[in-house]
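Observations on chain architecture
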Amino acid sequence: MEIIIPILTAAVRSGTPILYATLGEILTEKGGVLNLGLEGIMLLGAYSGFSVAYSTGSAWLGVVAAFLVGCLLGLLHAFICVSLKGNQVVAGLAMTMFGTGASSLLGRSLVGFTIPGLDRISVPLLGDIPLLGPVFFQHDAMLYCSYALVLFFCWYFSSTRPGLNLRAVGDNPRAADAMGIPVAKIRYIYTMVGAGIVALGGAYMSLAYTKMWGELMTAGRGWIAVALVIFAIWNPARAALGAYLFGGVEAFQLRLQTAGTTIPAPILMMLPYLMTVAVLLFISIRKGKGIVFGAPASLGLPFFREERD
Amino acid sequence: MRMTVRIEPRLSVPPGLKLLIPLLSLGAALFSGGIFLYFLGVSPLKAYSVILKSSLGDSYGISETIVKAIPLTMAAIAVMLSFTMLIWNIGAEGQIFMGAIATAATVRYFSVDSRPAMYLLMFLAAGAAGGVWGAIAGYFRAKWNVNEIITTLMLNYVAMNLLNYFVFGPWRDPSSLGFPMTAVFPDSARLPFLWGTRIHTGLFLALLLPLLFWGILRYTRWGYEIRVMGENPRAASFAGMSYLKNVVLVMFLSGAIAGIAGMGELAGLQGRLQHGFSGGYGYTAIIVAWLARLHPLAIVLVSFLMGILLVGGETLQIVMRLPLSSVMVLQGLILFFVLGGEFFRKFRIRIRFLKGAPTEPLREESQPWK
């Protein structure tokens, strides 16, 4: 038990950046827009969050800054994909390159500094529950926000009018358009907000997880999040499950390394990536066997109002 | 008077526009990159002139640009092949790594004295390693519809860590003073340099492959099948073409070419395997292939242009202390603007001034898409 609790606690902490990124991407994809630029957006979110927190001394201002930067990047992506009807895969790759390059270029003067970051707050009562308390309720406020976000998304997608409109736009933009739903506007809004939430994932890394900025610090988590969206079959609750699973692999791998195992570090570091492939493979094979697959039907396809099908 | 702005699909692209759009896109990307540099306190004019001078200013610069263009061309041909089929191989970087690892393994465990035999062994090993790395993703995609973008990308990280394992671990040269690199390859495993420069004989492969695949895609039945499968997989399967077989084959070939590009870097240029030996060629190749609009011959030209940026970027690092990542910013911007430019190829914007009541309906025949 003494060994398991720290690993599970670390799993939740290191799963949270991936969870934010996955939730943001789910929101974007529900509207039918594919954003593969998560890695770049997370990095710029991590940089801008850290840079604002470092210069103002307020971690929360950093969180806000990261969200706004994410929204701006989402706006760029939406402009290319929705208005200019560009190829969404390539636009996402461009975003990854731009974000990776820009964050290391801008952040080179911040390497090596640390910030106090977000405070650890134990939730009263819940934090005292054995096992569950330390694992889930002795973290920071931004991590608790991600729990709320999961619940909110579940409710929003299934039980609200705007949530239904969003799904209609992602599944059948032509029908949505005929019903008077503004397809382009909705895609813009959710691509922006989605990218903002993805950037929060990056900000969580620099503000709460490592409390410092480092070049390429997300190390592929953005891409893992893209894979997790599929694993989660676009369901926010499953996204949380998947994110903590990956957090667990990472925590386990780090713990093995610090425990001085004889397995070489590079081999251990392959684990999350191999696991991503394994998870995708598993879900794709099962898909053929009739599980409900929640992919938005028009994902990745631009909508051109004047064009006939 | 009332003005209407309408966006209409083009039925054909005017020939002038075909050249003008990529050039304008490139110009716009460089301009906005300049603004970015300006806000970082770097003079964009100075930065761009450093890039041009270092890469095209003298014969050494030009030769270095060609050195960069060699692996880029090969990797771009590799990704072009899969993109033609609408299979997104984002894993050229990992396939380059696998080719390089296989090359180093061949040198370490199967070294022979005869040069031609050594070349052949390295070529086959690198091609097989890269090819298998690509074919894994291809098989998963064709058989179970596993998203190949993610598989190839994840395999990049796996290949990178595998390479690190070897160069930090069992293959590290004891005399390297702790640097993560293998021992220098013997002469029999080195491709000769040409004309007293660092351009190696991999150049011929980089020129041959585009020609070969241009011919294949244009004139052979198989090339035709691949293009059809990219444009309309359903029609292709009705015509009896095997999707599974072709996806695996294309991904194998794609990975093999990238793997051979990795071999060229090791046997031709660097002479040993080391940590971080490929400066992101596999990713840059994606931009090259896209800028070249997947045309094998255009890839050679675009690779050279991108080589200018890479050589220039390295010089910027030394002269103006700008990190190499600034090149990535420019690459991202170029890709954004090229994508934006596509819009003007596909659509035209019509601005019309209509007289009379604002509710005048458009007549049917003025809507050519109906």
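Further up the page is the structure itself.
Below is a summary of the structure that appears in this document. Treat the numbers as computed from the prediction; the structure is a model and nothing was measured. (Residues numbered from 1 in each chain as written. Chains lettered and ligands numbered in written order. Predicted model: local features only at pLDDT ≥ 70, side-chain atom pairs only at ≥ 80, totals over all residues. Heavy atoms only, no water.)

Here's the deal with the overall build of chain B
When you go through chain B residue by residue, the secondary structure sums to 13 helices and two strands. Overall, the C-alpha framework of chain B stretches about 85 × 60 × 35 Å when taken along its three principal axes. Relative to its full complement of 370 residues, chain B shows a buried share of 54%. Partitioning the intrachain contacts of chain B with sequence separation of at least 6 by distance along the chain shows that 77% fall at a separation of at least 24. Averaging the coordinates of the 30 positive side-chain charges in chain B and doing the same for the 16 negative ones gives two points 6 Å apart. (Helix = DSSP H or I, 4+ residues; strand = E, 2+ residues; numbered from the N terminus. Buried < 20%, exposed > 50% of the residue type's maximum accessible area, 1.4 Å probe, protein only. Contact = heavy atoms within 4.5 Å. Lys, Arg positive; Asp, Glu negative; His and termini not counted. Charge placed at Lys NZ, Arg CZ, Asp CG, Glu CD.)

Observations concerning the overall build of chain A
When helices and strands are tallied, chain A shows 13 helices and zero strands. Rg of the C-alpha trace for chain A: 19 Å, near the compact-globule value of 19 Å for 309 residues, within the 12% margin. Referenced to the eigenvectors of the C-alpha coordinate spread, the extents of chain A come out at roughly 60 × 45 × 40 Å. Residues classed as buried in chain A amount to 59% of the 309 residues present. Counting contacts in chain A only where the partners sit at least 6 residues apart, residues at least 24 apart contribute 77% of the total. Per element, the accessible surface of chain A, about 12,200 Å² overall, is 69% carbon and sulfur. Charge centroids of chain A, computed over 19 positive and 14 negative side chains, lie 5 Å from each other. (Rg over C-alpha atoms; globule rule 2.2 N^0.38 Å. Areas by Shrake-Rupley, 256 points an atom, 1.4 Å probe, with all protein chains shown as cover.)

A few points about the nonpolar core
Most often, soluble globular proteins have nonpolar side chains that are buried together. In terms of nonpolar packing, the biggest core is built from 203 residues, with A:Trp223 and B:Leu273 touching the most fellow members. For B:Leu273, the contacting residues outside a window of four places in its chain are B:Ala100, B:Ile101, B:Ala104, B:Leu163, B:Val167, B:Trp171, B:Met181, B:Thr182, B:Phe185 and B:Leu266. (Core = buried A, V, L, I, M, F, W, Y, C linked by side-chain atoms within 4.5 Å.)

Observations regarding the interface of chain A and chain B
Facing the 48 residues of chain A at the interface are 45 residues of chain B. Counting each side, the surface lost to burial between chain A and chain B is near 4,300 Å², with a carbon and sulfur contribution of 83%. Counting the surface chain A buries against chain B, the share from its top three residues, A:Met97, A:Leu105 and A:Trp223, is 15%. Linking chain A with chain B are zero salt bridges. The interface formed by chain A and chain B contains one residue pair in polar contact (both at pLDDT 80 or more). (Buried area = accessible area lost by both parts, 1.4 Å probe. Salt bridge = Lys/Arg side-chain N within 4 Å of Asp/Glu carboxyl O. Polar contact = N/O pair within 3.5 Å; in protein donor to acceptor, adjacent residues only side chain to side chain.)

Brief notes about helix α2 (residues 38-56) of chain A
Residues and elements named next belong to chain A. Here α2 contains 19 residues, and its C-alpha end-to-end distance of 26 Å stays within 8% of the 27 Å for a straight helix at 1.5 Å per residue. α2 sits mainly inside the fold: 15 of its 19 residues count as buried. Of the residues one or two after α2, Gly57 is the one with positive phi, at around 80°. (Expected span 1.5 Å × (residues − 1).)

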